[in-house]
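Given next are the chains, with one letter for each unit.
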Amino acid sequence: NSETFWTTTGMFPQEFIIGFPKCVKISKVAIQCYLVRTLRIERSVSKDPVGFEQCIEKDLQHTEGQLQMEEFPLPEFQATYLRFIIKSAFDHFVSVHRVMAEGT
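Residues numbered from 1 in each chain as written. Predicted model: local features only at pLDDT ≥ 70, side-chain atom pairs only at ≥ 80, totals over all residues. Heavy atoms only, no water.

Draft legend 1. Spatial organisation of the packing of aromatic side chains. Tallied over the full model, the rule gives two aromatic pairs. Look at Phe 16 and Phe 84: their rings are 5.0 Å apart centre to centre, the planes differ by 5°, and that puts the pair in the stacked class. Here the residue Phe 16 occupies a position in strand S2 (residues 14–34), and Phe 84 occupies one in strand S5 (residues 68–89), the gap between them amounting to 68 residues. The burial state of Phe 16 is the same as that of Phe 84; both residues are buried. (Phe/Tyr/Trp six-rings, centres within 6.5 Å; stacked < 30°, edge-to-face > 60°. Helix = DSSP H or I, 4+ residues; strand = E, 2+ residues; numbered from the N terminus. Buried < 20%, exposed > 50% of the residue type's maximum accessible area, 1.4 Å probe, protein only.)

Structure, rendered in structure tokens:
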């Protein structure tokens, strides 16, 4: 829903986990967020959200007054869970407006 978003509580790191019904192949992950400085994406292929391994960590560009839009190509990538960790920010609070995963 483009009218909703998730926001942090003001301290870092902050994280959220997205789960899939089963292990899926993902070719690309995209995120729309605001004021995120450092983002890490981890994956788990377990039945439960445990045993995460780091896949991507990136410092994002500051975009004053606009959403940050980042895409991460992930060739030959499988996951049952994706954990997004916001390690640092450009302000006390950040927001995540959309997360998209493409694949099969």
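Alright, that's what it looks like, and here's the rest.
Draft legend 2. Geometry of the pairing of strand S6 (residues 95–103). As judged from the two bridges shared by strand S1 (residues 6–7) and S6, these two strands associate in the antiparallel manner. Looking at the pairing, Trp 6 lines up with Val 96 of S6. Sheet topology note: the S2/S6 ladder contains eight bridges and is antiparallel. Each residue of the ladder has a partner; that of Val 29, found in S6, is Ala 101. (Pairing = 2+ DSSP bridges.)

Draft legend 3. A look at the side chain of Gln 32. With respect to the element layout, Gln 32 can be found in strand S2. Here Gln 32 is in contact with Leu 67, Gln 68, Met 69, Val 96, His 97 and Arg 98, once residues within four sequence places are set aside. (Contact = heavy atoms within 4.5 Å.)

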